[in-house]
Amino acid sequence: MDVIALGELLIDFTENGISENGNPILEANPGGAPCNVLAMLQNLGKKTAFIGKVGKDSFGDYLEQTIKDCGIDTSNLIKDESAHTTLAFVHTAKDGDRSFSFYRDPGADMLLREDEIDFKQIANASIFHFGTLSMTHDGVRQATKKAISYAKEQGLLLSFDPNYRPLLWDNPDTAKKMMAYGFAQCDILKIADDEILFFTEKDTIEEAIIAFRKQYQPTLICVTLGKEGSIVLYKDIKITGKGIARPDTIETTGAGDTYMACVLYYVLEHGLACLNRALLEEMLHFASVASALITTKKGALKVMPTIQDIQENM
């Protein structure tokens, strides 16, 4: 196994036109950041597996079949009888940016227990990927931390994307504590501009990066800046890449997850210790092209670009 991820698998309801009665039409798109990353990695030829929970309901069945169809191993996908599959409603602005509403009180993904995790499967992977949505509540937080600890003991690289969603936290201080935990554990970090500003409480990205690196030292840090591009930090190397604006952009759902998967692809191909400026510049451009392509589609998990799509647009 190349990458195993733990976290949320849910339905993203995204806007898809207006009905004859003038009402918004919502499309049920499979989503959840960890599985979006895995779906993209499958398109890049890597083997992946998912650890998580969905409800024992029609949405849970649909999600299970969807990620199976992508090639993602579902042997540690649990169906919970006491809670429904989590639902997210994605509201898209005119520029394609998004805001979210969640139905998750509780959602099945919150109820994953430590004793439900197949730790042997983790041991057979190269990278363990996680976010903070599996650390919003005590039980699943304990399960996540146990899996992270075990992955470190087994010598896996740890990959972290905070994927901060304010509405899912009781208070921002708890979110910061869980983000800090992830920063201290990970080898590879992708963090959005608004997340690093929120965490460091600085006014500019440059100030935030300086403050962050004084306290945390992941080997590879990628700061995404939306349509403005991204910044890659590796040892003493810093590379800034411009964003790729496409006239056919529809929405930005999955762009960060696509970027994250491309970064992990380069780490798997070349090794985390063997990256250099040329490879990092290539990685950044590859990830930027892929991220721009996903913005031309509605949804994410089922419509990730292929290597051929990316190469044709580089």
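The preceding data block contains the structure.
Numbers given to residues run from 1 along each chain, matching the order in which its sequence is written. Predicted model: local features are reported for residues with pLDDT of at least 70 only, side-chain atom pairs are reported and counted for 80 or more only, and whole-chain, interface and lining totals are derived from all residues. To get the side-chain values, take all heavy atoms of the structure and skip hydrogens and water.

1. Re the overall build of the protein chain
The condition is simple: The way it works is that DSSP assigns letters per residue, a run of H or I at least four long becomes a helix, a run of E at least two long becomes a strand, and they are numbered from the N terminus. Buried means the residue's accessible area, taken with a 1.4 Å probe over protein chains only, is under 20% of the maximum for its type, while exposed means over 50%, and partly exposed covers the values in between. A contact between two residues is defined here by any heavy atoms of the two lying within 4.5 Å.
Along the protein chain, the regular secondary structure elements total ten helices and 13 strands. Its C-alpha atoms give the protein chain principal-axis dimensions of roughly 50 × 45 × 40 Å. Scored against the burial criterion, the 314 residues of the protein chain give a buried share of 56%. By sequence separation, contacts in the protein chain at least 24 residues apart represent 71% of the contacts at least 6 residues apart.

2. Some remarks on the nonpolar core
Spelled out, the test is: For this analysis, a nonpolar core means a set of buried residues of the types Ala, Val, Leu, Ile, Met, Phe, Trp, Tyr and Cys, connected via side-chain atoms within 4.5 Å.
Counting residues in hydrophobic clusters, the biggest one holds 54 residues, and the most contacted among them are Leu9, Leu220 and Leu280. The contact partners of Leu220, leaving out residues within four places of it in the chain, are Asp187, Ile188, Leu189, Val232, Leu233, Tyr234, Val263, Val267, Leu272, Leu275, Leu280 and Met283. Ranked by size, the runner-up nonpolar core spans 51 residues in total, among them Ile122, Phe128, Met178 and Cys186.

3. Comments concerning the packing of helix H5 (residues 172-185) against helix H6 (residues 193-200)
What counts here: Fitting a line to C-alpha atoms yields each axis, with helices limited to the stretch in contact; the angle taken between N-to-C directions then spans 0 to 180 degrees. Here roughly perpendicular refers to angles of 65 to 115 degrees, roughly parallel to angles under 35, roughly antiparallel to angles over 145, and oblique to all remaining angles.
With their axes 10 Å apart at the nearest point, H5 and H6 run at an angle of 105° to one another. For the element pair H5 / H6, the angle class is roughly perpendicular. In contact with Pro172, Lys176, Met179, Ala180 and Phe183 of H5, H6 contributes Glu195, Phe198 and Phe199.

4. A short note on the pairing of strand S9 (residues 157-160)
For clarity, the cut-off: At least two bridges found by DSSP between two strands is the condition for calling them paired. Look down the strands so they point away from you; if the path from the first strand over the helix to the second goes clockwise, the crossover is right-handed.
The pairing of strand S8 (residues 127-130) with S9 spans four bridges and is classified as parallel. Across the sheet, His129 pairs through a bridge with Ser159, a residue of S9. For the crossover that starts at S8, traverses helix H4 (residues 138-153) and ends in the parallel S9, the hand is right-handed. Looking at chain direction, S9 and strand S10 (residues 188-192) are connected through two bridges and run parallel. Bridge pairing in S10 places Phe160 opposite Leu189.

5. Quick notes on the packing of H6 against helix H7 (residues 205-215)
Here is the rule we go by: The handedness criterion is simple: a crossing whose near helix is rotated anticlockwise from the far helix by less than a right angle is left-handed, and one whose near helix is rotated clockwise is right-handed. Charged means Asp, Glu, Lys or Arg here, nonpolar means Ala, Val, Leu, Ile, Met, Phe, Trp, Tyr, Cys or Pro, and polar covers whatever is left, Gly included.
Axis separation between H6 and H7 bottoms out at 9 Å; the angle between their running directions is 60°. Taken as axis vectors, H6 and H7 run oblique relative to one another. You can see that H6 and H7 cross each other, and the crossing is left-handed. Counted together, Asp193, Ile196, Leu197, Phe199 and Thr200 of H6 and Ile205, Ala208, Ile209, Ala211 and Phe212 of H7 form the full contact between these two elements. Looking at the contact of H6 with H7 residue by residue, the classes come out as eight nonpolar, one polar and one charged.

6. Here's the deal with helix H2 (residues 58-70)
The test is simple: How far a helix is expected to stretch is found by multiplying one less than its residue total by 1.5 Å. In this description, the arc belongs to the directions extending from the helix axis to the C-beta atoms. Here a polar contact means two N or O atoms within 3.5 Å. Within protein one must be a hydrogen donor candidate and the other an acceptor candidate, and residues neighboring in sequence count only if both atoms are side-chain atoms.
In this model H2 runs 19 Å from its N-terminal to its C-terminal C-alpha over 13 residues, within 8% of the 18 Å that 1.5 Å per residue would give. Among the residues making up H2, those that are buried are Gly60, Leu63, Glu64, Thr66 and Ile67. Considered in projection along H2, the buried side chains sweep an arc of 165° and stay on one side of the axis. Exposed residues lying more than 90 degrees from the buried face of H2 are Ser58 and Asp69. On the buried face of H2, the contacting elements are strand S2 (10-18), strand S3 (24-31), helix H1 (33-43), strand S4 (48-55) and strand S5 (73-80). Near the N-terminus of H2, the side chain that reaches the backbone nitrogen of Phe59, with its oxygen 3.3 Å away, is that of Asp57.

7. Describing the packing of aromatic side chains
Heads up, the rule is: Centres within 6.5 Å are what make two rings of Phe, Tyr or Trp a pair, Trp counting through its six-membered ring; a difference in plane orientation under 30 degrees is then read as stacked, over 60 as edge-to-face, and the rest as tilted. Counted as over-ring charges are cases with an Arg CZ or a Lys NZ within 6 Å of the ring centre that also lie within 35 degrees of the ring normal.
By the definition in use, this model includes 16 aromatic pairs. Aromatic side chains Phe13 and Phe59 sit 5.9 Å apart centroid to centroid with 85° between the ring planes, which places their arrangement in the edge-to-face category. Pair noted here: Phe13 is in strand S2 and Phe59 is in helix H2, with a separation of 46 residues, a long-range link. According to the relative accessible area criterion, Phe59 is partly exposed, its value standing at 27%. Feature note: the residues Phe128, Phe130, Phe160, Phe183, Phe199, Phe212 and Tyr216 constitute an aromatic cluster, connected by ring pairs. Note that Lys145 overlies the ring of Tyr181, its terminal NZ or CZ placed 4.7 Å from the centroid. Positioned above the aromatic ring of Phe198, the side-chain terminus of Lys176 is 4.9 Å from the ring centre.

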